[in-house]
Each structure stands twice: as structure tokens, then as C-alpha cells.
Amino acid sequence: MKNPPFEYHQPDTLEDAIQLLAVYGDEAKVLAGGQSLLPLMGLRLVRPSHVIDIGRVAGLGAISTESSGVSVGALVSHSMAERSEKLRTNAPLVHQAMPYVGHRAIRNRGTVCGSVAHADPAAEMPAVCRAAGASMIAVSSRGERAIEADEFFVGYLQTALDVDEILTEIRFPALAEGTGTAVVEVARRHGDYALVGLACSLTVESTITAAALSFFGAGSTPIRLGEVEQLLIGEEPNEAAFTTAAAAVRSSIEPSADVHGSANYRRYLAGVLTQRGLTQAASTVGVLA
Amino acid sequence: MTVSFTLNVNGAATEVSTEPRRTLSDVIREDLGLTGTHLGCEHGVCGACTVLLDGAPVRSCLTLAVQADGHEITTVEGLANGDELHPVQQAMHEAHGFQCAFCSPGFMLSTVALLAENPNPSRHEIREELSGNLCRCTGYHTILDGVEVAIRALASDGASGGGDA
């Protein structure tokens, strides 16, 4: 595919990048790895007059740990995240999702922040952010703000980012002690977008004290099922509790149908993945009863 | 709008002046004349256009040429040493990993990068790392066999102190 024409900007600093975005607003798109943006442009699904390539902006390529958790900069590729010990120990969901994200060559170019800003509801990273309770740091010429994952994904390929904002960083909060996590999915072909997938976590102190179930490929945004999470709290982490949760997921989730799978099949898969994901999460902390 | 920059491909630097919208694959093929980089789907699915960017496989159809400024690109033309095939090329030849060979440049560059990072991958790891490359002829088994031939060839090259990889 051949990209439509655009004016190309290559700022060296974040300050220059946000000034450009302040000027061009919704006529501009931010380019990092380009693994979502370039296909969209090739297919003429987006046609920006200006492309702002942040690939050379200093200071956006770090994975750093803080007392409050771990942060991932806008230029951190999926491959960098996949190999990061800091993420494996502090934000294991990110690490666990990586084998499912595209293929090696896609992971080498595509960025974690880019996938989140693109907000494909069938992609892994948005659902991981919701499961982990991540904060998205948005910077514009008006200043910086943090947007909680629950507020960030507003619709199909739509986020709470304003047209003049750049997603510079994602912050994952520190894991509570006794927390196990898992990412599971069913795709027609390995590396394809999931038919349905689940990023989940369980915190256990003899019984379950916190749970997160974040589905992807099951709606127009990643979906948290708060009522099912509530059902798990106070239960022992065992097969019976997970079976009950799976049944509750099947009755509350409302996936849509497409050529790859019917709504009923996706609903069924969501239940299977609930059982599978929670079992894996419990086994990662060694608490499976 | 045109942008001017230096493209380093297979160790040779070329000054390029082009529209920023053009992909790395198009500039490599049309401006540099290196047509060994094949274009199948042109939207990141098939892997035929895979090149190495600083040693790591990337889709040249999903990379703007201007994004490669300042990086080292390796295409399939950069593998052989004159008339002497690269061990991965030789291995694919021996294992019948080529049929129509449209996908072969992408497969071989993905393989070179894989073996540079992990000289002895399992069959499962090979399948995983090559899963982004599609072949419509071979059924994949001979390609996977070729990777295993290359693993042995590179190991014995290393052991004898020779080798051109």
C-alpha cells in the first residue's frame, strides 16, 4: 500500500513535538513505531495532513521503576518490554501479553504506548492497562495530566486523549503482595488479533481480596467486569469459584459477531478463558486451592 | 514535500531524496534497485519485505524510509559474500527451503536475526520466531529444516574457528 501525502515533522524534543501538535491538532498524527498508524494510512482509514515523528525525541525510551510502580515511555517497543526484567517483576501482565502481540518484526517496531493510543479493542495492551489499573500520562502545550485506564478507552479506536495531547508514558502501579496475573486468548492463528482474550489478576490472602477481569475482543473497548470481580472477593481461589465466575462472565458479557466468530461463540470463549486465566493467575502465586 | 537523508544499506551509504510518505521497501527496491526485498501484502501481514534494522527484523513496508535515517539496514543482497552463499542461504538450499522463493528473503533475514540472538533455538522457538513470515508453497517444514541445517553449519563453523557469518 502507498501512503497518502503528508507534511513530515521530526522534532528533537518533546517541547517541539507538543508545539507542533498544538498548531496542527486534528490534522496531525503522532508517529512512533508506525505499526498501527501506517496500515491505517495505507488503507486510507486515516489521512493526516501532518505526521509528527517522535522517534528521535530524547527521554521517551525508558522503562523505569519508582516506589509507586513502573513506567513505560512512549518509545519503548514491544520487544524492549518483552525483554525487560523490570516489567517482568513489576508489571507481569505486560510481560505475559507479549507473546500474543503481533510477530517478532511487529514487536521490534511497535510501541506499548502506540498500541494503547491506537486503542484497538481486540489488542492486548489496552486490556492489560485496564486490568493493571494503569495511568496514562498525556502531555500537551497546556500541561500534563494522568488519565486512569478506566477513563481512557472511550470507544472503538477512540481514547480520552485530546487532539493536542501526546501519550508520553504509561504508569503501572506496584503489585499488591499475593497478586497473581495471567493473559490468555484464543486467536484463529497465532499472532492474529484475538477472537476473545483476557488479562486478569487475583490478590489472595487466604481468600481472594481483589480481582480484575479485563476482556479484549469482546466489545468496542477493553471491558472490565466489575460485578463478576465482586463475586470472587471473599472466595477461596479454587475451581468452584472460578466456574461460578465463568458462568457469570458468560451471562454478562455482550460480544459482537463478525466473520471470524459469532457472538455466542465469543461468549462461550469468554467463559473458557475466565476459568483458564484465573487458574493460571492463582498458580503464579501458588495459591490455587 | 521531499526529505533528504542518508540510507545505510548493506554497508553502503546512499543519499536519498524522497517524499516522506514512501516506505523503506519502496525506496530500497525503486531508488536503490535492490529488488530482493519482496512486497507481498504491503500491510504488515506476510513478512516477505522483512529487512534487518540494526540487526533486528522489521517490516520494511510498515517503516517509512525516512525512519531508517541513522540506522543500518541489511537486505537479502547483504547476506552472501560474493559468490559464496551465507550459511543460512546455503542451508535453505540444502533443505529444499525454497520453492517459488518469493518469501525466502524475509524468512532468511528473520532466521539470521534469530540465530544471532539464540544460536541453538528449539523447533518450537524457531516456529514462534518465524511465525510472522508466510509461505504459500513449502508447507513450512523444509524451511524449519533449513533453519536446523543452518544451526549445525554455524555451530561447526564456530567450532573450527572459520565461518563467514
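Cut-offs applied
Residues numbered from 1 in each chain as written. Chains lettered and ligands numbered in written order. Predicted model: local features only at pLDDT ≥ 70, side-chain atom pairs only at ≥ 80, totals over all residues. Heavy atoms only, no water. Pairing = 2+ DSSP bridges. Helix = DSSP H or I, 4+ residues; strand = E, 2+ residues; numbered from the N terminus. Contact = heavy atoms within 4.5 Å. Axes fitted to C-alpha atoms, helices over the stretch in contact; angles between N-to-C directions. Parallel < 35°, antiparallel > 145°, perpendicular 65-115°, else oblique. Left-handed = near helix turned anticlockwise from the far one by under 90°. Nonpolar A, V, L, I, M, F, W, Y, C, P; charged D, E, K, R; others polar. Domains from an automatic or database assignment. Buried area = accessible area lost by both parts, 1.4 Å probe. Salt bridge = Lys/Arg side-chain N within 4 Å of Asp/Glu carboxyl O. Polar contact = N/O pair within 3.5 Å; in protein donor to acceptor, adjacent residues only side chain to side chain. Buried < 20%, exposed > 50% of the residue type's maximum accessible area, 1.4 Å probe, protein only.

Undergrad: Run through the sheet that holds strand E14 (residues 223–224) of chain A, naming residues and quoting values.
TA: Residues and elements named next belong to chain A. In spatial order, the strands read E11-E12-E13-E14; together these four strands make up an open sheet with antiparallel pairing. Of all the strands in the sheet, just strand E11 (179–186) and E14 have a single pairing partner and so form its edges. For strand E12 (residues 196–205) and strand E13 (residues 207–216), the ladder comprises nine bridges, and the chain directions are antiparallel. Its bridge partner being in E13, Glu205 is matched across the sheet by Thr207. Across the sheet, helix H12 (residues 263–284) touches E11, E12 and E13, and the angle it forms with E11 is around 150°.

Undergrad: Please provide a residue-by-residue account of the packing of helix H11 (residues 239–252) of chain A against H12 of chain A, values included.
TA: Residues and elements named next belong to chain A. Between H11 and H12, whose axes approach to 8 Å, the crossing angle comes to 150°. For the element pair H11 / H12, the angle class is roughly antiparallel. You can see that H11 and H12 cross each other, and the crossing is right-handed. The segment H11 lies against H12, with Glu239, Phe242, Thr243, Ala245, Ala246, Val249 and Arg250 engaging Arg267, Tyr268, Ala270, Gly271, Val272, Thr274, Gln275, Leu278, Thr279 and Ala282. Among the residues forming the contact of H11 with H12, the class breakdown is nine nonpolar, five polar and three charged.

Undergrad: Explain the domain arrangement of chain B to me, using residue names and the numbers behind them.
TA: Residues and elements named next belong to chain B. The domain architecture assigned to chain B consists of domain 1 (3–78) and domain 2 (87–160). Taking the mean C-alpha position of each, domain 1 and domain 2 sit 22 Å from one another. Interface area, domain 1 with domain 2, both sides summed: about 1,100 Å², of which 66% is carbon and sulfur. Of all residues in domain 1, His38, Thr50 and Val76 bury the most surface against domain 2, accounting for 39% of the area lost on that side. Seen at the junction of domain 1 and domain 2, the total is zero salt bridges. Linking domain 1 with domain 2 are four residue pairs in polar contact (both at pLDDT 80 or more), by the criterion used here. The greatest single-element share of the side of domain 1 that touches domain 2, amounting to three residues, is contributed by strand E3 (residues 50–53). Taken together, the residues of the side of domain 1 that touches domain 2 break down into eight nonpolar, eight polar and one charged.

Undergrad: Tell me what's going on with the interface of chain A and chain B, and back it up with residues and numbers.
TA: Listed as interface residues are 28 residues of chain A and, on the opposing side, 26 residues of chain B. Roughly 2,500 Å² of surface becomes buried between chain A and chain B when both sides are summed, with 51% attributable to carbon and sulfur atoms. The largest per-residue losses of area from chain A upon contact with chain B belong to Met1, Tyr8 and Arg109 of chain A, which jointly make up 23% of the total buried on that side. Our count for the contact surface shared by chain A and chain B stands at four salt bridges. Notably, a salt bridge pairs Lys2 of chain A with Asp26 of chain B, separated by 2.9 Å at the nearest N-O pair. Of all the secondary-structure elements, those providing two or more residues to the side of chain A that touches chain B are strand E1 (7–9), helix H2 (37–42) and helix H6 (104–109) of chain A.

Undergrad: An account of the side chain of Ser79 of chain A is needed here, citing residue identities and associated values.
TA: Position of Ser79 of chain A among the secondary structure elements: in helix H3 (residues 78–82). When residues no more than four places from it in sequence are discounted, the contact partners of Ser79 of chain A are Arg104, Arg107 and Asn108 of chain A.

Undergrad: Quick one: what's the story with the pairing of strand E4 (residues 63–66) of chain A, residue by residue and with numbers?
TA: All names here are of chain A. Looking at chain direction, E4 and strand E5 (residues 69–73) are connected through four bridges and run antiparallel. Looking at E5, one finds that Thr65 is bridged to Val70. Following E4, the chain reverses through two residues before pairing antiparallel with E5.

Undergrad: Pulling in residues and values, what's your account of unusual backbone geometry?
TA: Apart from glycine, the bulk of residues carry a negative phi angle, and the bulk of peptide bonds sit in the trans form. Located in the positive-phi region is Ser206 of chain A, a residue other than glycine, with phi close to 60°. Counting through the fold element by element, Ser206 of chain A comes out in the loop between E12 and E13. By relative accessible area, which is 64% here, Ser206 of chain A ends up exposed. Unlike most non-glycine residues, Ala101 of chain B shows phi in positive territory, near 70°. Of note, Ala101 of chain B is situated in the loop between helix H2 (87–94) and helix H3 (104–117). Since its relative accessible area comes to 25%, Ala101 of chain B is described here as partly exposed.

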